Amino acid sequence: GDFNEVLVPNWLGDPRAWIDGTSGSVFSYPGATNTAELRKGLLYPYNPNVGVYKCPSATRGPKTLNPNVPIARNYSLEGRMGGANDAQAGRYSVTSTEWVLGSTFLQYQKITEIVRPPPVQALTFLDESIETVDDGYFAVNYATEPSTWQNSPTVRHGNSGVFAFADGHSENWRWRTLNRDQNLDAPSSGPPNSLVDLQRLQYVVYRTKDQP
């Protein structure tokens with residue numbers, strides 16, 4: 001709200017983003033435990049404490065790492081919030097993420113662009129699955145048949161996940177069938193059959209269907 005309504009960039013592998021992504025994925029070292037990417041990120045001056053990027057109940061890392069080594073960050077920013085479109089990719093030499101949902105669904109650059117869904121229903125930050133929280137950009141597939149998750153939310157809070165929204169409030173979502181922290185591109189056909197939970201998430205990302 002104090003930067004001409006411009007959203008913080010959610011660019012992949014770039015230092016000019018909400019986190020500095022140049023240190024690598026949290027699925028490998030040094031990115032997994034490196035708090036420097038948080039301190040260099042554009043949002044850090046607003047909350048100068050690396051602890052707020054980490055879920056207190058996350059006591060292990062991804063399966064690709066020693067599970068006894070917790071990672072530095074558990075939260076990601078939903079991709080439509082500040083993601084780089086094709087035009088920005090050319091202008092700023094960053095990776096475009098327009099392919100995730102296509103040009104039909106605008107990657108918001110300003111708060112005033114968040115209209116459908118409105119800010120009260122538009123996802124921003126979320127507690128991501130420990131197995132997909134790699135680059136800080138939370139990607140949700142457009143509805144396909146069969147539908148698959150791309151990134152996944154966590155279930156570590158008693159089979160529920162925590163979400164923040166563009167109007168500033170937060171919610172805890174109890175999952176109907178999702179019961180594990182999934183890997184990348186997990187099928188919603190299961191096990192478990194988690195299509196209803198995926199559709200709920202898709203609804204608040206690109207808002208084209210009635211809410212499940």
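Residues numbered from 1 in each chain as written. Predicted model: local features only at pLDDT ≥ 70, side-chain atom pairs only at ≥ 80, totals over all residues. Heavy atoms only, no water.

When strand β1 (residues 75-78) meets strand β2 (residues 123-127), the two strands line up antiparallel, connected through three bridges. The partner of Tyr-75 across the bridge, within β2, is Asp-127. One ladder, built from two bridges, connects β1 with strand β3 (residues 137-138); its direction is parallel. Counterpart to Glu-78 in the pairing with β3 is Phe-138. (Pairing = 2+ DSSP bridges. Helix = DSSP H or I, 4+ residues; strand = E, 2+ residues; numbered from the N terminus.)

Mapped onto the elements, Pro-153 comes out in the loop between β3 and β4 (160-165). For Pro-153, a relative accessible area of 1% gives the class buried. Excluding residues that lie within four positions of it along the chain, Pro-153 makes contacts with Leu-126, Asp-127, Glu-128, Ser-129, Phe-138, Phe-163, Trp-175, Leu-178, Asp-181 and Leu-201. (Buried < 20%, exposed > 50% of the residue type's maximum accessible area, 1.4 Å probe, protein only. Contact = heavy atoms within 4.5 Å.)

Take the confidence of the model for the chain next. When pLDDT is averaged across the chain, the result is 89; 94% of the residues are at 70 or more. Ranking the elements of the chain by mean pLDDT puts helix α3 (residues 195-206) last, at 91, and β2 first, at 97. (pLDDT = per-residue confidence, 0-100.)

As a further point, take α3. In an α-helix, one turn spans 3.6 residues; hence positions three or four apart end up facing the same way. With 12 residues, α3 extends 16 Å between its outermost C-alpha atoms, agreeing within 8% with the 16 Å of an ideal straight helix rising 1.5 Å per residue. Within α3, the full set of buried residues consists of Asp-197, Leu-198, Leu-201, Gln-202, Tyr-203, Val-204, Val-205 and Tyr-206. Residues of α3 that are buried sit in contact with β1, β2, β3, β4 and β5 (170-174). Within two residues after α3, Arg-207 carries a phi angle of roughly 45°, on the positive side. (Expected span 1.5 Å × (residues − 1).)

Read from one edge of the open sheet, five strands run β3-β1-β2-β4-β5, paired in mixed fashion. With one partner strand each, in any of the chains shown, β3 and β5 form the two edges of the open sheet. Docked against the sheet, α3 engages β1, β2, β3, β4 and β5, running at close to 155° with respect to β5. (Axes fitted to C-alpha atoms, helices over the stretch in contact; angles between N-to-C directions.)

Attention now moves to empty space enclosed by the protein. Counted according to the given criterion, the structure contains one cavity of 30 Å³ or more. Taken as a whole, the largest cavity spans an internal volume of roughly 70 Å³. The wall of the largest cavity is formed by 14 residues, among which Arg-80, Val-100, Leu-101, Gln-107 and Tyr-137 lie closest to the centre. Here the residues of the lining of the largest cavity sort into seven nonpolar, four polar and three charged. (1 Å grid on protein atoms, 1.4 Å probe; cavity = no way out; pocket = protein on both sides within 12 Å on 5 of 7 lines; lining within 4 Å. Points joined across faces, edges and corners; volume = space filled by probe spheres on them. Nonpolar A, V, L, I, M, F, W, Y, C, P; charged D, E, K, R; others polar.)

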